[in-house]
Every structure is written in structure tokens, then in C-alpha cells.
Amino acid sequence: MKWNKESKLNGLIVLLAVIPIWELVSRGELVNPLFFPPMSKILRSFFLLVFSGDIPYQILLSLKRAAAGYLLAAIVFIPLGIAMGLFGWVHRLLEIIIEMARPIPPPVVVPVAMLFFGLGDEMKVFVIFFSCAWPILLNTFDGVRNIDRILINTARTFRVSRRGAILKVILPAASPQIMTGLRISLAVTLILVVISEMVGSTDGIGYFILDSQRRFKVDQMYAGMLSLAILGYTLNQLFLLFYSSVLAWHKGLISKQR
Amino acid sequence: MHFAWKEKLNLPGLATLAALLLLWEASTRLSPTLQFYFPPLSQILLSLFDLFLAREVVGHCLTTLGRFLGGYLLSAALAVSCGIALGYFRRTYNLCEVLIEFLRPMPSVAIIPVAILFLGIGDRMVVAVTVYACTWPILINTIDGVRNIDGTLIDTGRTFGLSRWTILRKIALPGASPYILTGLRISLPIGLILVTTSEMVVGGGGLGFFILDEERSLRTSNMYAGIILVALLGYLLNRLFLVFESKAMVWHRGMRAEGPV
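Residues numbered from 1 in each chain as written. Chains lettered and ligands numbered in written order. Predicted model: local features only at pLDDT ≥ 70, side-chain atom pairs only at ≥ 80, totals over all residues.

A word on the nonpolar core
In terms of nonpolar packing, the biggest core is built from 119 residues, with I128(A) and V194(A) touching the most fellow members. No other element matches the 15 residues that helix α10 (residues 164–202) of chain B contributes to this core. V194(A) has contacts with I205(A), G206(A), P107(B), V109(B) and A110(B), leaving out every residue within four places of it along the chain. (Core = buried A, V, L, I, M, F, W, Y, C linked by C-beta atoms within 7 Å. Buried ≥ 20, exposed ≤ 12 C-beta atoms within 10 Å, placed from the backbone. Helix = DSSP H or I, 4+ residues; strand = E, 2+ residues; numbered from the N terminus. Contact = placed C-beta atoms within 7 Å.)

Shown next as C-alpha cells:
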């Protein structure tokens, strides 16, 4: 993607233009201001909530759950995906079960998790773990399966041990696709933490937003959404930073080939 | 991956599945406490059958399906047309880019409370939320698709004096269609997620509501029956999409196979 300084400026102007238009629409009562409070009010309660520590507290709670589920899924399903890619029998053993469990939309797992774990953190962690499983598992599997056979055979020719081959050849070669799975899962994680907090929780940012709506503190609801957008953006940028530092070699390889 | 059974019957896989199901059935029958949380499979299938006889669940299925289709098709029409325009007219894209990048990272379920405020808790709200969530993948993929069209194609169209509208319709749309289909495929499960979630949050019919309601009434075997139904719905929709995709993209596959690799 080409980046043009002028274009970024134009886009920012549009974004900034939204604020006064919003303000006018709300103050002029074109839309019911009860549902659509003026931007100034939203921003005011956003800053109030941020500095009083309310929003940071809720976000930290949500982040804790999200991180636990996400990391757990990565720890379990990356090795499983590698095993499935390397050994045909593992794949064949699990194939049917995976194909049967995969179409279950993750939110319907929330009631099951509530039944087993109650309304605590474990419930959210389980839901996130379940929903991150498929992108991570299937991408890792695909990545390992599509490795150039020559690489593996070369390692074998040089008598690299099986463990060495997995760590030094297979894991790096599959890492671009593993990263894709992790990136998709990041977005999924954020969605699921909000869903599970909306359906069954007493705290967390998802609960905060829905609760503000139910108590008609609409400006707080929008402030919560704003903080969620900022959170999502930040996490994605952090991931991209991580991605480019881990996979710098891969980028160089691709651009050389072209 | 698809139609795996046609190639060869996966005996070890089937055996694992059968063993798991047997273990499930046996362990839940032996332990009454476990049975409450996790009823035996036979009982779940029985209640699924009963629910169908009572016709109660058919209505919920149709409600969910209707909401999903409404939201999904609407967002497809909206996002494809906007995406083609944004991909083709770079200046318009530049204006909207920051706005898109600002809205996109927000988890789409966060829009549910806003939708409740504006649209109440009926069908319209569920459809609106689904449209919002499904739009992003389709939009981004369509923009990418139009960008990646070979410039020669568009220049050729211009040389032959095609109007801008014709170029968009006859060159940009088919040229971007592989990307558009990717976006549509990504949106399919997202749409189902959003429909079931908003049904859980606002109630008022649909499979999401049904599942949560049965859990709260502690009729666990009905809850699992509902989950099986949702999974089945997701699976069938995905299959339907694959059929549609292979029909729609016959020309593309042929082109790729013949062209120099």
C-alpha cells in the first residue's frame, strides 16, 4: 500500500468534521438526543471515566480474561496443529470431530460454559479458548502441511533429529501461517470477551456498555464503545509490531523473490 | 477437505468419534451429577425429536434463518457496491480511510446496545447489527480486489470508450469477484454469531434466545439440542455457500488452470 501524506490529512479532516456534524445533529434534535447525545458530552464523560479509573479498570478485567483464553488456545492448539500436519494419523483421528465441532457459532457455547463454570472468569476463558481453537488449529495445520518437502528432506539428509527438525525447520517455515491464525484469533477474542460479558457477567467492558445502555446513561455507553475501539486498534497495532519483528526474515525473503 | 468421505472412508476418525460418543453416553449414565450438566447423547437426541414434534423449535429456527439471511444479503449488496466505488475512486477512499480504520477494530457486538436504543428489540435491530458486522470483511476484501485488478484491463476498457459505469460493472465487479467471495465467506459465520448473540441479549425468539432460555430453565438436554441445531444451520449454510461459489467461479478456475503458472 502506498502512503501519501496528503491523503492521511484528508481522512483526518473527514474524521474531525464528523464531530461538529454529530454535535449539530444532536443539539438540533434531528435525532432524539436521548439516544444520540452531543459529542462534547460523550467526550467529557469519556475523559471523566478514564481519569476516575472506571474504564481502565473494566478494560483490565476484560483484558485479563482475553489474554488467558487466547494464550491457552495458542499453547494447546499450535502443537496440536503441528502434530496434525506432520502425522497423517493424528489428522485422520481428529478430522471428523473437528469438522463437526467447527460450525458451532462460539456465542452459543456461552450458555454451556455458564452451566459448568458459573459466571466467573473461567467461563469467559473457556469461551475464548473454544472460539480461538479453530483459526489457530487449522492455520497451523495448513502451514505445516504446505511446507516445501525439500526443506524437510534436506533436514533429514543432514541427520537433523526430529526435535531439531520441528524447532528449526518446521516451526519457522509454518510461522507466517501460524501468525495469520493468531491474528484472526485476536479479533475473535475481543468479540467473544465482549459477548460473554454481555450475556453473563457483572463487570468488564462488555457489561459496562450494555449496563450503561440499560440505565440510559447513553453518553457512558458511547464512551465505553470509544474505549473499546481504541483498545481494538491498539491490540492490532501491537500485534503487527510483534509480527514484523518476529517475521522480519520472511518479509525480506518475499521481497527478494519479486 | 470437502467431500472427504467420497475419497475414502476415514475409519480411524469414525472410530474416534464413536468411542467419544460411547464414552459420553456411558459416563453420563453412570454419574447422576454429571448427567445434570451433560445429559447422555440419546437423551439429547430424544428431546431434539420432541421439540420438532412440538413445532416450537421450528419457529425459532426460521426466525434465526430469516434474520440471518436478511442481514447477510443486505450487507452483501451494500458492501460490494460501496467497496467497488471505494476501490475504484482512490480519492473517495482517501477521504473515508481514517473513518473506516477507526470503526473497524471495534468489536462489532459493541454496536448491539446502540441498536437497541434506536431500533428497539425486534427483528430490525438484529438485522441492523448483522449488516453492520458483515459489512467490514466484504468491504475491505472488495476494495482490495478492485485495487488488484490488472491496470491493463481497465485501460483497455477506457480505450474502447466504455463509460465509467460500464467499467465498474463489467470489469471491476468480475475482476474483484474472487476477493469478494472471500469476504462473503468470512462474513458467513460472523453473521450467524451476531444473530445468535443479539438474540441472547435481547430475547424475543430465535435459536440464540431458545438456547439461553433453556439453560436458565435448567432444561439442559433442550439446550444441547438447540446447540446441535445452530451447528447444523451453520454447516448447511457453509455447504450452500461452497456450492454457490463453485458455480459462480467456474470461469475463474478454468482461467487459472489454463494460464501459465
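Brief notes about the confidence of the model for chain A
Here chain A shows a mean pLDDT of 87. Residues at 70 or above account for 94%. Mean pLDDT values for the elements of chain A range from 66 in helix α11 (residues 248–257) of chain A up to 94 in helix α3 (residues 54–86) of chain A. (pLDDT = per-residue confidence, 0-100.)

Comments concerning the environment of P111(A)
Along the polypeptide, P111(A) turns up in helix α5 (residues 109–117). In this structure the C-alpha to C-alpha distance between P111(A) and R163(A), which are 52 residues apart in sequence, comes to 41 Å.

What about the interface of chain A and chain B?
Each side of the interface is counted separately: chain A has 40 residues, and chain B has 45 residues. Looking at the side of chain A that touches chain B, the element that brings in the most residues is helix α10 (residues 218–246) of chain A, giving eight residues.

A look at the packing of α3(A) against helix α6 (residues 121–145) of chain A
Residue and element names in this part refer to chain A. α6 packs onto α3 with a crossing angle of 30 degrees between their chain directions and a minimal axis gap of 6 Å. Regarding the angle of α3 to α6, the classification is roughly parallel. At the point where α3 passes α6, the crossing takes the right-handed sense. Looking at the contact of α3 with α6 residue by residue, the classes come out as 21 nonpolar, four polar and four charged. (Axes fitted to C-alpha atoms, helices over the stretch in contact; angles between N-to-C directions. Parallel < 35°, antiparallel > 145°, perpendicular 65-115°, else oblique. Left-handed = near helix turned anticlockwise from the far one by under 90°. Nonpolar A, V, L, I, M, F, W, Y, C, P; charged D, E, K, R; others polar.)

Let's talk about the packing of helix α11 (residues 207–216) of chain B against helix α12 (residues 220–248) of chain B
Two quantities define a packed helix pair, namely the angle between the helix axes and the distance between the axes. Residue and element names in this part refer to chain B. Between α11 and α12, the least distance of the axes is 8 Å, while the angle of their chain directions is 160 degrees. Classified by the angle their axes make, α11 and α12 are roughly antiparallel. Here α11 runs over α12; the crossing is left-handed. Facing α11, whose interface residues are L207, F210, I211, E214 and E215, α12 presents N222, M223, G226, I227, L229 and V230. Tallied by class, residues from the contact of α11 with α12 come to seven nonpolar, two polar and two charged.

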